[in-house]
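Breakdown of the fold
Okay, here's what each chain looks like letter by letter:
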Protein chains: 2
Amino acid sequence: MTVHERVAEFAQRAYQASSILRTASEEQRHAALTRTAELLRARQAKILRANAIDMERGQEAGLSSAMLDRLLLNEERLEKMAVALAEIMEIPDPVGRIIEEWTRPNGMRIRKVAVPLGVIGIIYESRPNVTIDAASLCIKAGNATLLRGGSEAINSNLALGEVLQDACQAAGLPRSCVEVIDFTDRAAVAEMAKMDQYLNLIIPRGGHGLIRAVVENATVPVIKHERGMTQIYVDETCDLDMTVELVHNSKVQRPGVCNAVENLYVHSKNTEALRAVVTDLQQTGVEIRGCPRTCELVDGCVPATEEDWDTEYLDMILSVRVVDSMDEAMTLIAQHTSGLTEAIYTDNEENAERFLREVDSACVYHNVSTRFTDGGQFGLGAEIGISTDKIHARGPMSVRELTTYKYVVRGEGQIRTS
Amino acid sequence: MTVHERVAEFAQRAYQASSILRTASEEQRHAALTRTAELLRARQAKILRANAIDMERGQEAGLSSAMLDRLLLNEERLEKMAVALAEIMEIPDPVGRIIEEWTRPNGMRIRKVAVPLGVIGIIYESRPNVTIDAASLCIKAGNATLLRGGSEAINSNLALGEVLQDACQAAGLPRSCVEVIDFTDRAAVAEMAKMDQYLNLIIPRGGHGLIRAVVENATVPVIKHERGMTQIYVDETCDLDMTVELVHNSKVQRPGVCNAVENLYVHSKNTEALRAVVTDLQQTGVEIRGCPRTCELVDGCVPATEEDWDTEYLDMILSVRVVDSMDEAMTLIAQHTSGLTEAIYTDNEENAERFLREVDSACVYHNVSTRFTDGGQFGLGAEIGISTDKIHARGPMSVRELTTYKYVVRGEGQIRTS
């Protein structure tokens, strides 16, 4: 059997299951999620044995300690997955939600109703918890899932996939509501991306290489989850203490994530803020890479290179640049943005409103830490990821973003005459 | 210059213009539309001269009379485009619309606000009016447009593109808010589909071949506008007169469009409806292609072939099949659907509700003609097309569907602590 045929079998099974899952009640979908949590606890030993094989092979293959840590499952991590399932069940049912309704002059009643997308493909790298998290969010929204994880996590993913399939079966749903591709041939990614007869959406989660491999091959719609080049502009005037605390939180609270700030622009008339912010960060151990003017104004600053302005450090490093106007800042922000998160810290309401309106990013903040770009923090519930695309879903994606809609039209014999 | 470089120049200009158009006021966008209508009237002679060249070449190239008719511009058609512009201006502004707003427990205020997508590529075939209609809807929604029309309409499209560019300039907007690719090399379509650094969306309008050429090559998100295999199920019991009138309207009122019915399923216990519907249609000149049971029950019925059930006739022909249950009808509907329009005609409310819930199509109707699948008929305003996709927009697409959203977050120093 070719790789194409093997992937097609998985995709087709998920497609068939989706026609049943699509109309399943919330009770039934929740029964599958409840059972998943139970099985995660009951099958701990079996799952950890599968994970141990992946860990051993990973060590033999010389994976970095960071990668091995991402790959690792333990009791605590399994328990976290089970708890996350309970949280997903608390999100209001996205299926059947009436988005809008109205009556036309001819009396026909139109309802725009949220319905499942169908089959969602998830392509991801090393973390096996994505298997549970992503599939659960898809089930919650009435979608079947075709999962393709990293080859290094194959045994863990298959063990978790079995949990999901058994849970679906226990809830009276087809096992194929969740399918995990059971072989690691790299060609499977490109094949999956072309299966538009079975898949309604692919969400690739991972590095730039993985995402391009999907996008370049895809005939299935793709919602990309790329990098976050978070940027902050500190205006000519601002609340100094608040600004120091906001930049500190945006950089230091968790530097390794996509909503941690990477580029900071400070108005040239606000050297007080520049000095206070930089001093605070340096005291916390953040390395400052500055433009020439920044390096003149503060001590211990490393000159920034051209690449630094486009680098997502994900580390205790910050690029800092002095600008002469908000316009200059907004031009630089547009040049270096990943379109995800940008903030202005100012006490000038007019500037704040202009910045919020004109900066073209998924999340724009005034006097709030950039760290809030997150489905949970927004109150949307657990997230399947953060879209850096503009089509269908932008920014944090939770269960509502895993639905589409249909128009339900009721009447009593209305016909069209023109 | 390669085709790639030539297309990239157009795309890049549109991209640059989009950053200005994106934040233009409704007044300014409407000024461009008003001026477009004025210029369509003032430049009639010039536009018709350009169209005459296309018509002459089309005749020399042996285009069919149907294609020549689609290509033709005249005073009346130009006036229709101008009138359509006035209608577009009556649609409420989709830009800046507050989709939702809420306050988080920490006091930060989140607004989900509709904003333009950026640059929209439209790839279409012979009708030059699409140049005006599509670009105007994009301008209304704050988007720049990159247009690639059919090679047979190149002179007409360029003349209309000049109208749009002059109108944008008169409104103080960049000319490049609308760009018409000025050469007819077929490779331009594939190149355009790959320009995800400049384009946010491509809408291909045309036949299956064109749409596949875009989808197979695209790295830009695509919303397909494919065929409509409209289907109707007549239930075991129904209002007979109403059903006859509804099927009649669905088939006969305008047979050449995507919401005209192509497949009809009738419950085997409702032979009365079958006979009445078929007799009415035959009297109007509709050819009936039936399953064996249909052919037994009614006179003048042509036996349907396997392909007939998947054929969008767009003509005075209807496939008719007798079924023994609604379940059988829904299975057949799922098998032959294009996912756009399906209807049930019944007086059984329970069956109606089940059909509306379980049939997975963009528009599902109970006792309403299928001919209402249309942005104008739904009250959405003029439409850029009808999406057969599920991502971002499903069914009739008007100006709201040409926007994305962003989250605007206002606070007073909120930081994240966990």
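Residues numbered from 1 in each chain as written. Chains lettered and ligands numbered in written order. Predicted model: local features only at pLDDT ≥ 70, side-chain atom pairs only at ≥ 80, totals over all residues.

1. Re the overall build of chain A
Assigned secondary structure in chain A consists of 15 helices and 16 strands. Sequence-distant contacts in chain A: of pairs separated by 6 or more residues, those separated by 24 or more amount to 71%. (Helix = DSSP H or I, 4+ residues; strand = E, 2+ residues; numbered from the N terminus. Contact = placed C-beta atoms within 7 Å.)

2. A look at the domain arrangement of chain A
Partitioning chain A into domains gives domain 1 (3-226 + 397-409) and domain 2 (230-376). The distance between the C-alpha centroids of domain 1 of chain A and domain 2 of chain A comes to 36 Å. (Domains from an automatic or database assignment.)

3. Details of the interface of chain B and chain A
Contact with chain B, which involves 58 residues of that partner, is made by 58 residues of chain A. Breaking the side of chain B that touches chain A down by element, the ones donating at least two residues are α9 (208-217), α10 (240-252), α14 (349-358), β13 (363-368), α15 (375-378) and β16 (403-414) of chain B. Looking at the side of chain B that touches chain A, the element that brings in the most residues is β16 of chain B, giving eleven residues. In terms of residue class, the side of chain B that touches chain A is built from 24 nonpolar, 19 polar and 15 charged. Judged from the five bridges that link them, strand β16 (residues 403-414) of chain A and β13 of chain B form a sheet pairing that is parallel. In the strand pairing of β13 of chain B, Gln-414 of chain A is matched with Val-368 of chain B. (Nonpolar A, V, L, I, M, F, W, Y, C, P; charged D, E, K, R; others polar. Pairing = 2+ DSSP bridges.)

4. Concerning the pairing of strand β7 (residues 230-234) of chain B
Residue and element names in this part refer to chain B. Burial analysis of β7 places five of its five residues in the buried class, the great majority of the element. Residue alternation in β7 divides its side chains into two sets, Thr-230, Ile-232 and Val-234 and Gln-231 and Tyr-233, and both sets are buried. Examined bridge by bridge, β7 and strand β8 (residues 261-267) share five bridges and lie parallel to one another. From the neighbouring strand, Gln-231 faces β8, where its bridge partner is Asn-263. (Buried ≥ 20, exposed ≤ 12 C-beta atoms within 10 Å, placed from the backbone.)

5. Brief notes about the relation of the copies chain B and chain A
Rotating chain B by 180° and translating it 0.0 Å along the rotation axis places it on chain A, where the RMSD comes to 0.0 Å. Both copies are brought into coincidence by an operation consistent with a two-fold rotation axis. Ranked by how close their C-alpha atoms come to the rotation axis, the residues of chain B are headed by His-392 of chain B, at 1.9 Å. When the interface residues of chain B are mapped onto chain A, 100% of them again lie at the interface, so the same face is used by both copies. (Least-squares fit on C-alpha atoms with pLDDT ≥ 70 in both.)

6. Digging into unusual backbone geometry
Residue and element names in this part refer to chain A. With phi around 55°, Leu-314 is a residue other than glycine that occupies positive phi space. The topology assignment puts Leu-314 in the loop between β10 (301-303) and β11 (317-323). Residue classification places Leu-314 among the partly exposed residues on the basis of 15 C-beta atoms within 10 Å.

7. Considerations on the packing of helix α3 (residues 44-60) of chain B against helix α7 (residues 154-170) of chain B
Residue and element names in this part refer to chain B. Direction vectors running N to C along α3 and α7 enclose 160°, while the axes themselves pass 7 Å from each other. Here α7 runs roughly antiparallel to α3, going by the angle between their axes. For the pair α3 and α7, the crossing hand works out as right-handed. Residues Lys-46, Ile-47, Ala-50, Asn-51, Ile-53 and Asp-54 of α3 form the contact with α7, whose own contacting residues are Ile-154, Asn-155, Ser-156, Leu-158, Ala-159 and Leu-160. A class-by-class count of the residues in the contact of α3 with α7 yields seven nonpolar, three polar and two charged. (Axes fitted to C-alpha atoms, helices over the stretch in contact; angles between N-to-C directions. Parallel < 35°, antiparallel > 145°, perpendicular 65-115°, else oblique. Left-handed = near helix turned anticlockwise from the far one by under 90°.)

8. Comments concerning the sheet that holds β16 of chain B
Taken together, ten strands build an open sheet; the order of strands is β10(A)-β9(A)-β11(A)-β8(A)-β7(A)-β12(A)-β13(A)-β16(B)-β2(B)-β1(B) and the sheet is mixed. The strands lining the two open edges of the sheet, one partner per strand, are β10 of chain A together with β1 (98-103) of chain B. Strand-to-strand twist of the sheet, defined as the mean angle between neighbouring strand axes without regard to direction, takes the value 25°.

9. Some remarks on the pairing of strand β4 (residues 144-148) of chain B
All names here are of chain B. β4 sits mainly inside the fold: five of its five residues count as buried. Every second residue of β4 is oriented toward a common face, with Ala-144, Leu-146 and Arg-148 on one face and Thr-145 and Leu-147 on the other, all of them buried. For strand β3 (residues 119-124) and β4, the ladder comprises five bridges, and the chain directions are parallel. Directly across from Val-119, in β4, lies its bridge partner Ala-144. On the question of chirality, the crossover connecting β3 to the parallel β4 by way of helix α6 (residues 129-140) is right-handed. Viewed along the sheet, the connection from β4 through α7 into strand β5 (residues 178-180) turns out right-handed. (Right-handed = clockwise from strand over helix to strand, strands pointing away.)

10. Observations concerning the nonpolar core
Core analysis: the biggest nonpolar cluster contains 249 residues, and Ile-202 and Val-409 of chain A together with Ile-202 and Val-409 of chain B have the highest contact counts within it. Dropping the residues within four chain positions of it, Ile-202 of chain B is found in contact with Gly-121, Ile-123, Met-192, Ala-193, Val-214, Ala-218, Val-220 and Val-222 of chain B. (Core = buried A, V, L, I, M, F, W, Y, C linked by C-beta atoms within 7 Å.)

11. Quick word on the sheet that holds strand β6 (residues 201-205) of chain B
Residues and elements named next belong to chain B. Read across the open sheet, the four strands follow the order β5-β4-β3-β6; overall the sheet is parallel. The open sheet has two free edges, formed respectively by β5 and β6, since each of these has just one partner strand. Looking at each pair of strands side by side, their axes are set apart by 15° on average, direction ignored. The pairing of β3 with β6 spans five bridges and is classified as parallel. Looking at the pairing, Gly-121 lines up with Ile-202 of β6. Contacts from helix α1 (residues 3-21) reach β3, β4 and β5 within the one sheet, and its direction differs from that of β4 by about 155°. Each of β3 and β6 is contacted by α9, which is oriented at about 160° to β6, the strand it contacts most.

12. Some details on α6 of chain B
Along an α-helix, a turn takes 3.6 residues, which lines up residues three or four apart on a common side. Residue and element names in this part refer to chain B. Taking 1.5 Å per residue as the helical rise, α6 with its twelve residues ought to reach 16 Å, and the 17 Å between its terminal C-alpha atoms agrees with that figure. Burial of α6 is extensive: eleven of the twelve residues sit out of reach of the surface. Among all positions of α6, only Val-130, Thr-131, Ile-132, Asp-133, Ala-134, Ala-135, Ser-136, Leu-137, Cys-138, Ile-139 and Lys-140 are buried. Just beyond α6, the residue with positive phi is Gly-142, at close to 80°. (Expected span 1.5 Å × (residues − 1).)

13. Regarding the packing of helix α5 (residues 75-90) of chain B against α6 of chain B
Residue and element names in this part refer to chain B. Interhelical geometry of α5 versus α6 gives an angle of 10° and a closest axis separation of 10 Å. Classed by the angle they form, the pair α5 and α6 counts as roughly parallel. Where α5 approaches α6, its residues Arg-77, Met-81, Ala-84, Leu-85 and Ile-88 are matched on the opposing element by Asn-129, Ile-132, Asp-133, Ser-136, Leu-137 and Lys-140.

14. Quick word on the environment of Leu-201 of chain B
Summarising the element assignment, Leu-201 of chain B is placed in strand β6. A residue is classified by how many C-beta atoms lie within 10 Å of it, and Leu-201 of chain B, with 24 of them, is buried. Sequence separation between Leu-201 of chain B and Gly-228 of chain B is 27 residues; the distance between their C-alpha atoms is 22 Å. What Leu-201 of chain B contacts, discounting residues up to four positions off in sequence, is Ile-391 of chain A together with Leu-117, Ile-120, Val-220, Pro-221 and Ile-223 of chain B.

15. Quick look at the environment of Ile-181 of chain B
As for its position among the elements, Ile-181 of chain B is in the loop between β5 and α8 (187-193). Counting along the chain gives 23 residues from Ile-181 of chain B to Leu-158 of chain B, while the straight-line C-alpha distance between them is 8.2 Å.

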